[in-house]
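Structure at a glance
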Protein chains: 2
Amino acid sequence: MNSRRASPPAPGKQPVPVASPWRASRERLRDRAVKREAVIRAAAREFNRKGYHNTSLDDIAARLEVTKPTVYYYVTSKEQLLFQCFVAGVEQIRAAFRDVRHLEVPARERLNAVLRHYGEAVASEFGWCMVRAEDQDLSPAMSRHIKALKSEIDHGIRRLIREGVQDGSIEPCDPKMTAFALAGALNWIAHWYREDQSLTGAQIAEAFVTIFEGGLRPRGSASRLSARERIRRRARSALAR
Amino acid sequence: MNSRRASPPAPGKQPVPVASPWRASRERLRDRAVKREAVIRAAAREFNRKGYHNTSLDDIAARLEVTKPTVYYYVTSKEQLLFQCFVAGVEQIRAAFRDVRHLEVPARERLNAVLRHYGEAVASEFGWCMVRAEDQDLSPAMSRHIKALKSEIDHGIRRLIREGVQDGSIEPCDPKMTAFALAGALNWIAHWYREDQSLTGAQIAEAFVTIFEGGLRPRGSASRLSARERIRRRARSALAR
DNA sequence: TAGGATAGCTACCCATCAGTATGGTCGAGG
DNA sequence: CCTCGACCATACTGATGGGTAGCTATCCTA
């Protein structure tokens, strides 16, 4: 049964061409980081499937085909595990902000780009931890840390909205409420995505951006399209019934 | 006078916002239904404050100034308690659908009315239970029940969207994705409302409806400001640096 | 080949908490 | 005054699960 973990992680048996004495220990250090990441990833998957409180460390260990103390060898506590998952998810979104910061396009397009990355992140395997993790489950210190990260993202969105209103690419609106609405819609993806994976995270985000941009109320030229609309409507209702 | 527990828990403590029916028991006000509802309401409050798993039945009992067996006298299990809280929240939304069903206005306005009630419900004391309760915490039977109720609401929104597209009051769109976006934005209120109660649930819902209706892209002839945009953007990036 | 660091396991501890057994109090009806 | 039943408390059980102690095996460096 227990084949002594030689095959799963990395067969470091190859004769190394240059026998630098530090080579091996460096290799091992890298190995350790890889394993630690695997632990965090496995935790994220289990949390995603069953929720934080319904997942025991034995579950996570079993999923990795090791035992609980082994998990504790890479992580100090269950709480820290959740925290790491959270940070991993948030980092994707922070990267999105960094990516668009220097783009030479109107703010609305920068916002859209962020929202697309945002949606992808929420639909990723760390999405659940980032979105559904409750700070009540964490120590005050970690809770503060997480709140700060969330707030940073929130204010990043508000800022893009304000800039969009200023440069005329976004309809004047309340940045705070609008940011809440956008982030909420995207965050919520984490709640239903598991059960309906017919679309990728990017596709969902794209659809949402389209909805956010256009709004529900028909655009000015809508009256001109009424004939075509009616045709499509017929086809639709025929399909729906 | 019950000399046993009258003195320890500070007898003259009135400032509790929710009057506990056990206080009134001295006045012979014995109404089982009222007490049961008080139990559920207290549970909702505690779940809202600390989360389901971080709330023990002792906590809930203490909040009512009784003991755990008393709670079990009115409720069969913690799980059922969560379920009842959930149903109480969902019922508010179902009522919203019933209210608008017979209104003689375009579907978009009926949808808006539902969304307003929806937002209020999510910001109410049962909002957390309705939104953040994970079906992983419930037995399969109750989980199915809850999924059915959620699905009913989801399809109710989709239906209003379809009707709006048909009667021309809503821009043609994908009903499923749009429903997800709307419900997500509103559901998310439950995550941040506790910490920012500067607005009522109704006001938030109203703001969201405005955002959903108009969309981010400016209405009318606002798209040929690109020259001015560029200037403004330069100024901004200069400030940002 | 010794000795230390790395890495993982078995077996255990113990705090928490859902749920219960049992028995006491009090008002009402006889 | 006595009993019945509704209501509630004390004090317990049992299981789950986070976290640890301590042993073992392997590899690296000397």
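Here, every reference points to the structure presented above.
Note that the structure is a prediction, hence the values are computed from the model and not measured.

**Topic: the interface of chain B and chain A**
Every contact between the two is made by 62 residues of chain B and, on the other side, 62 residues of chain A. Approximately 5,500 Å² of surface area, both sides summed, lies buried where chain B meets chain A, with 57% of it carried by carbon and sulfur atoms. Considering only the surface of chain B that becomes buried against chain A, B:Trp188, B:Leu216 and B:Arg219 emerge as the three largest contributors, covering 14% of it. At the boundary of chain B with chain A, the tally comes to four salt bridges.

**Quick notes on the relation of the copies chain B and chain A**
Note on the identical chains: chain B maps onto chain A by a rotation of 180 degrees and an axial translation of 0.1 Å, with an RMSD of 0.1 Å. Overall, the copies show the geometry of a two-fold rotation axis. Relative to the rotation axis, the C-alpha of B:Gly215 is the closest in chain B, positioned 1.8 Å from it.

**Remarks on unusual backbone geometry**
Where the residue is not glycine, phi is negative for most of them; where a peptide bond is considered, it is trans in most cases. We note that A:Glu65 has phi near 60 degrees; this positive angle belongs to a residue other than glycine. One can find A:Glu65 in the loop between helix 2 (57-63) and helix 3 (68-74).

**As for the nonpolar core**
Within the largest apolar cluster, 130 residues are counted, with the highest numbers of intra-cluster contacts made by A:Phe208 and B:Phe208. Excluding its chain neighbours within four sequence positions, the residues that come into contact with A:Phe208 are A:Ala185, A:Leu186, A:Ile189, A:Trp192, B:Met177, B:Phe180 and B:Ala181.

**Some words on the packing of helix 8 (residues 140-167) of chain B against helix 9 (residues 175-187) of chain B**
Residues and elements named next belong to chain B. Contact pair helix 8 / helix 9: the axes reach a minimum separation of 9 Å and the direction vectors enclose 120 degrees. Put simply, helix 8 runs oblique to helix 9. Once helix 8 is placed against helix 9, the crossing between them reads as right-handed. In contact with Asp154, Ile157, Arg158, Ile161 and Arg162 of helix 8, helix 9 contributes Pro175, Lys176, Thr178, Ala179, Phe180, Leu182 and Ala183.

**Notes on the packing of helix 5 (residues 107-123) of chain A against helix 8 (residues 175-187) of chain A**
Any two packed helices are characterised by the angle at which their axes cross and by the distance between the axes. All names here are of chain A. For the pair helix 5 and helix 8, the least separation of the axes is 9 Å and the interaxial angle reads 30 degrees. One finds that helix 5 runs roughly parallel with respect to helix 8. With respect to the hand of their crossing, helix 5 and helix 8 are arranged in right-handed fashion. On helix 8, the residues touching Leu111, Leu115, Tyr118, Gly119 and Val122 of helix 5 are Leu182, Ala183, Leu186 and Asn187.

Conventions adopted
- Residues numbered from 1 in each chain as written.
- Chains lettered and ligands numbered in written order.
- Predicted model: local features only at pLDDT ≥ 70, side-chain atom pairs only at ≥ 80, totals over all residues.
- Heavy atoms only, no water.
- Contact = heavy atoms within 4.5 Å.
- Buried area = accessible area lost by both parts, 1.4 Å probe.
- Salt bridge = Lys/Arg side-chain N within 4 Å of Asp/Glu carboxyl O.
- Least-squares fit on C-alpha atoms with pLDDT ≥ 70 in both.
- Helix = DSSP H or I, 4+ residues; strand = E, 2+ residues; numbered from the N terminus.
- Core = buried A, V, L, I, M, F, W, Y, C linked by side-chain atoms within 4.5 Å.
- Buried < 20%, exposed > 50% of the residue type's maximum accessible area, 1.4 Å probe, protein only.
- Axes fitted to C-alpha atoms, helices over the stretch in contact; angles between N-to-C directions.
- Parallel < 35°, antiparallel > 145°, perpendicular 65-115°, else oblique.
- Left-handed = near helix turned anticlockwise from the far one by under 90°.

Function cannot be read off these values alone, since they describe shape.
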